[in-house]
Amino acid sequence: MALLKIKTTPFDDQKMGTAGLRKRTKIYMQENYLENFIQTAFDVRNEDTIESGNSIKSIVLGGDGRSFCKEAVYKSAKILLANGVEKIYMPKDGLIFTPAHSYYTIKLKTDGGFIFSASHNPGGLGGDFGVKVNSGLGGGVLNHISDEISKRTLTIKEYLIEDISDEELLMDSRVEIIDPISDYADYMEELFDFNSIRELIKGGFNAIFDGMNASSGEYLKEIFGNRLGFPEESFQNCIPMEDFGGKHPEPNLIYAKYLYDFQMTEKAVDFACAFDGDGDRNMVLGKGFFINSSDALAILARHIHLIPAYKDGCIGVARTMPTSSACDFVAKELNIESYQTPTGWRYFERLLDSNKINICGEESFGTSSNHIREKDGVWAVLSWLNIIAKTGKSIEELAKDMWNTHGRVFYSQYSYEEIEKDGANKLIDRAFNFDGFVGMKIDEYKVVSHEIFNYKDPVSGEEAKNQGVQFILNDKDGKNVRVFTRLSGTGTVGATLRMYVEKHETDVNKFNIFHTEYLNEVFEIVDRLLKISEFTGRKKADVYN
Ligand code: G16
């Protein structure tokens with residue numbers, strides 16, 4: 001078998017972001033672009049593994065099925081084999097959703113893997129592609145590894161690849177073909193009480209599962225259809241497509257607005273949900289009711305003891321700093337710790353590994369538990385269904401129970417997408433460094449604190465500095481408004497500015513106001529505080545959740 005050493009030259013734009021390296025698909029398709037990145041990531045991870053007395057022997061490969069995914073899986077397999085990897089686990093069509101990737105990594109005790117996905121970014125040849133680099137623990141690699149990978153992409157000179165056809169690759173004894181859908185469905189059956197959900201369905205409970213034409217479609221049909229018994233009409237957009245049928249596979253109030261709108265009609269079902277490109281994010285909707293993922297996290301933590309695999313309850317919860325503080329109230333109620341991490345799922349991993357928490361989540365429609373080391377849309381939906389089946393309460397009733405106990409944390413995440421980098425950088429630079437914020441008055445609001453968020457992992461000690469800026473403002477009634485801002489690390493064009501605001505409300509008469517309406521005045525104040533329109537040239541955000 002010929003092993004080729006291919007000379008290459010570095011690309012200067014392979015700096016990893018929030019979750020791997022995301023670029024336009026056509027950039028990834030350039031000669032040697034993917035190859036350089038895979039070789040570099042392998043080298044860095046392998047050297048790190050050798051330092052701890054081993055080397056990388058087994059790898060899980062697969063992705064969300066977007067354009068270039070299968071090609072990338074096969075090409076990467078050949079590179080990894082040429083570099084001495086002894087076992088590659090991959091699906092034949094290259095299609096695996098992110099939660100199943102993490103599951104295999106842990107179950108088969110592999111040394112990690114690569115996920116070929118740009119997650120919620122649009123796909124197709126005109127869209128985005130991405131590679132997530134995962135460790136043997138089942139989630140994204142730590143910062144010092146991704147920083148080193150980014151650095152080393154600038155000096156790569158050659159990569160190794162086996163000169164074999166795709167057919168030969170599939171027959172190679174070092175390659176094992178996996179069947180993620182049925183294995184993953186089996187795992188879910190171990191965690192949840194499927195019988196109680198079956199009873200719920202028998203009682204007439206109806207639902208919509210929307211795969212947004214991405215990787216979760218077949219899992220949804222298998223788990224919720226074949227195994228649980230939801231009828232065929234419950235499934236929409238469940239055929240995975242390379243370009244997601246033109247959809248932006250980001251389940252939120254903008255890109256899945258059609259689902260939200262449907263749930264506001266008389267035809268609404270009891271429960272509707274949608275999933276992103278690689279199946280790790282989820283949005284759930286009740287009949288005429290939207291719930292943000294910060295509240296979703298808090299409610300799941302509050303009731304998780306009703307699910308067989310978590311019968312001892314929530315032992316600790318974690319949220320990212322931009323996520324609302326709703327789960328902090330629940331943590332107090334349960335007398336457990338609530339941790340705040342930077343954006344990026346990998347920050348939850350050490351907390352999960354060390355049993356400080358078993359439930360975690362974030363504002364960008366991601367929730368999960370210690371069953372894997374990624375967020376998991378199917379797990380979240382099964383958790384909801386299991387809790388609904390056990391309590392006999394709807395999403396809305398569960399939410400209102402929580403609000404009536406703790407007050408409602410009105411929250412919104414809003415984003416200005418693909419804005420000029422220059423303006424975005426100036427805005428962020430001012431937000432971090434201007435020292436005249438505290439004491440500033442805007443109408444009846446007063447800034448009382450301005451802080452840069454630096455993080456130290458309580459387990460590994462690893463530090464992550466400058467992860468965003470937080471402002472606390474006092475309004476006319478003396479209530480606090482929390483504002484957090486940062487630049488996204490998952491966009492591929494220009495810059496995406498993220499703003500997050502929250503205000504805690506205890507007046508039950510206000511609980512039914514739509515969150516963006518409730519926060520409207522605050523949005524305006526924040527715009528003036530951070531000079532958003534001035535720096536971005538935009539009057540309004542592109543996405544409000
Ligand atoms: C990744 C991270 C999440 C983060 C999201 C958006 O998710 O794992 O923690 O919230 O990106 O990040 P940003 O605000 O930097 O764009 P995914 O689903 O895109 O892999």
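Residues numbered from 1 in each chain as written. Predicted model: local features only at pLDDT ≥ 70, side-chain atom pairs only at ≥ 80, totals over all residues. Heavy atoms only, no water.

Student: What's the story with the packing of helix H2 (residues 33-51) against helix H3 (residues 69-82) in this structure? I'm lost.
Tutor: For any two helices packed against each other, one specifies the crossing angle of their axes together with the interaxial distance. Between H2 and H3, whose axes approach to 10 Å, the crossing angle comes to 45°. Relative to H3, H2 is oriented oblique. Between H2 and H3 lies a crossing whose hand is right-handed. Across the interface between the two elements, Leu 34, Glu 35, Ile 38, Gln 39 and Phe 42 of H2 pack against Ala 72, Lys 75, Ser 76, Ile 79 and Leu 80 of H3. (Axes fitted to C-alpha atoms, helices over the stretch in contact; angles between N-to-C directions. Helix = DSSP H or I, 4+ residues; strand = E, 2+ residues; numbered from the N terminus. Parallel < 35°, antiparallel > 145°, perpendicular 65-115°, else oblique. Left-handed = near helix turned anticlockwise from the far one by under 90°. Contact = heavy atoms within 4.5 Å.)

Student: Can you walk me through the sheet that holds strand S8 (residues 175-177) in this structure?
Tutor: Within a beta sheet, neighbouring strands are joined by backbone hydrogen bonds and run either parallel or antiparallel to one another. One open sheet holds the six strands; their spatial order is S2-S6-S5-S3-S4-S8, and the pairing between them is mixed. Each having just a single partner strand, strand S2 (21-24) and S8 make up the two edges of the open sheet. Each strand axis lies, on average, 15° off the axis of its neighbour in the sheet, ignoring direction. Set on the sheet, H2 makes contact with S2, strand S3 (58-63), strand S5 (113-116) and strand S6 (128-134); between it and S6 the angle comes to about 15°. In the packing of H3 onto the sheet, the strands contacted are S3, strand S4 (87-90), S5, S6 and S8, and the crossing angle to S3 comes to about 165°. (Pairing = 2+ DSSP bridges.)

Student: Would you take a moment to explain the packing of aromatic side chains for this structure?
Tutor: Each aromatic ring pair is described using two quantities: the centre-to-centre distance and the angle formed by the ring planes. Enumeration over the complete set of coordinates arrives at 33 aromatic pairs. Between Phe 97 and Tyr 219, the aromatic rings sit 3.6 Å apart at their centres with planes inclined by 10°, giving stacked as the arrangement. Placement of Phe 97 in the loop between S4 and helix H4 (98-107) and of Tyr 219 in helix H9 (residues 217-227) is noted, with a sequence separation of 122 residues between them. By relative accessible area, Phe 97 is classed as buried at 0%. In this structure Tyr 219 comes out as buried when scored by relative accessible area, which is 1%. For the pair Trp 403 and Phe 511, a centre-to-centre distance of 6.1 Å together with 70° between the ring planes defines the contact as edge-to-face. Of this pair, Trp 403 sits in helix H15 (residues 395-406) while Phe 511 sits in the loop between strand S25 (495-505) and helix H17 (515-530), and the two are 108 residues apart along the sequence. When sorted by exposure, Trp 403 lands in the same class as Phe 511, which is buried. Taken together, the ring pairs in this structure connect Phe 11, Tyr 28, Tyr 33, Phe 68, Phe 116 and Phe 129 into an aromatic cluster. (Phe/Tyr/Trp six-rings, centres within 6.5 Å; stacked < 30°, edge-to-face > 60°. Buried < 20%, exposed > 50% of the residue type's maximum accessible area, 1.4 Å probe, protein only.)

Student: What exactly am I supposed to notice about the site of the ligand here?
Tutor: Among the 20 residues in the neighbourhood of the ligand, the closest are listed as Thr 18, Ser 488, Gly 489, Thr 490 and Arg 498. Residue Arg 22 places a side-chain N or O atom 2.9 Å away from an oxygen atom belonging to the ligand. At a separation of 2.8 Å, an oxygen atom of the ligand approaches a polar side-chain atom of Lys 132. Computed on the free molecule, the ligand has an accessible area of 470 Å², of which 98% lies beneath the protein chains in the complex. Cavity membership is defined here by more than half of the atoms lying within 2 Å of grid points; on that basis the ligand lies in the largest cavity. (Near = heavy atom within 4 Å. Polar contact = N/O pair within 3.5 Å; in protein donor to acceptor, adjacent residues only side chain to side chain. Areas by Shrake-Rupley, 256 points an atom, 1.4 Å probe, with all protein chains shown as cover. 1 Å grid on protein atoms, 1.4 Å probe; cavity = no way out; pocket = protein on both sides within 12 Å on 5 of 7 lines; lining within 4 Å. Sits in = over half its atoms within 2 Å of the grid points.)

Student: What is the right way to look at the side chain of Thr 25 in this model?
Tutor: Counting through the fold element by element, Thr 25 comes out in helix H1 (residues 25-28). The buried category is assigned to Thr 25, whose relative accessible area is 0%.

Student: Please explain the pairing of S5 as it appears in this structure.
Tutor: Two faces make up the sheet, and in a regular strand the side chains alternate between them. By the alternation rule, side chains of S5 split into Gly 113 and Ile 115 and Phe 114 and Phe 116, which are all buried. Taken together, the four bridges between S3 and S5 define a ladder with parallel strand orientation. Note on S5: the bridge partner recorded for Gly 62 is Ile 115.

Student: Quick question: what am I supposed to make of the pattern of salt bridges here?
Tutor: A side chain with one charge can pair with a side chain of the opposite charge if their charged atoms come near. All chains considered together, the criterion is met by 40 salt bridges. A salt bridge links Lys 287 to Asp 270; the shortest N-O distance between them is 3.3 Å. Here Asp 270 lies in the loop between helix H10 (257-263) and strand S11 (271-275) and Lys 287 lies in the loop between strand S12 (282-286) and strand S13 (289-290), a separation of 17 residues in the sequence. Residue Lys 287 is classed as partly exposed on the basis of its relative accessible area of 47%. A residue is classified by how much of its surface remains accessible, and Asp 270, at 24% relative accessible area, is partly exposed. Residues Lys 503 and Asp 475 are paired through a salt bridge, measuring 2.8 Å at the closest nitrogen-oxygen approach. A residue pair is termed long-range when its members are at least 10 positions apart, and Lys 503 in strand S25 and Asp 475 in the loop between strand S23 (469-474) and strand S24 (480-487) qualify at 28 residues. The buried category is assigned to Lys 503, whose relative accessible area is 11%. Relative accessible area serves as the criterion here: at 6%, Asp 475 is assigned to the buried category. Salt bridges linked by common partners bring Lys 132, Asp 278, Asp 280, Glu 362 and Lys 375 together as one network. (Salt bridge = Lys/Arg side-chain N within 4 Å of Asp/Glu carboxyl O.)

Student: I'm lost on the layout of surface pockets in this one. Help?
Tutor: Left-over empty space is what a probe sized like a water molecule reveals as it rolls over the atoms. Estimates place the volume of the largest pocket at around 1200 Å³. Looking at the largest pocket, it is lined by 37 residues, and the ones nearest its centre are Met 16, Gly 17, Thr 18, Ser 488 and Gly 489. Residue assignment for the lining of the largest pocket shows that the elements contributing at least two residues are S2, helix H5 (143-152), helix H13 (346-353), helix H16 (421-433), strand S22 (463-464), S24 and S25. Per-class residue counts for the lining of the largest pocket are nine nonpolar, 18 polar and ten charged. Taken as a whole, the second largest pocket holds about 270 Å³ of empty space. Along the wall of the second largest pocket there are 19 residues; nearest its centre are Asn 121, Pro 122, His 248, Glu 417 and Glu 418. If you list the elements that add at least two residues to the lining of the second largest pocket, you get strand S18 (408-419) and S25. (Points joined across faces, edges and corners; volume = space filled by probe spheres on them. Nonpolar A, V, L, I, M, F, W, Y, C, P; charged D, E, K, R; others polar.)

Student: What's the story with H4 in this structure? I'm lost.
Tutor: Note: α-helices contain 3.6 residues per turn, so residues at a spacing of three or four share the same orientation. Along H4, eight of the ten residues are buried, which leaves the element largely enclosed by surrounding structure. Listed as buried for H4 are Thr 98, Pro 99, Ala 100, His 101, Ser 102, Tyr 103, Tyr 104 and Thr 105. Packed against the buried residues of H4 are S3, S5, S6, helix H7 (180-191) and H9. Backbone geometry just after H4 places Lys 109 at a positive phi near 50°.

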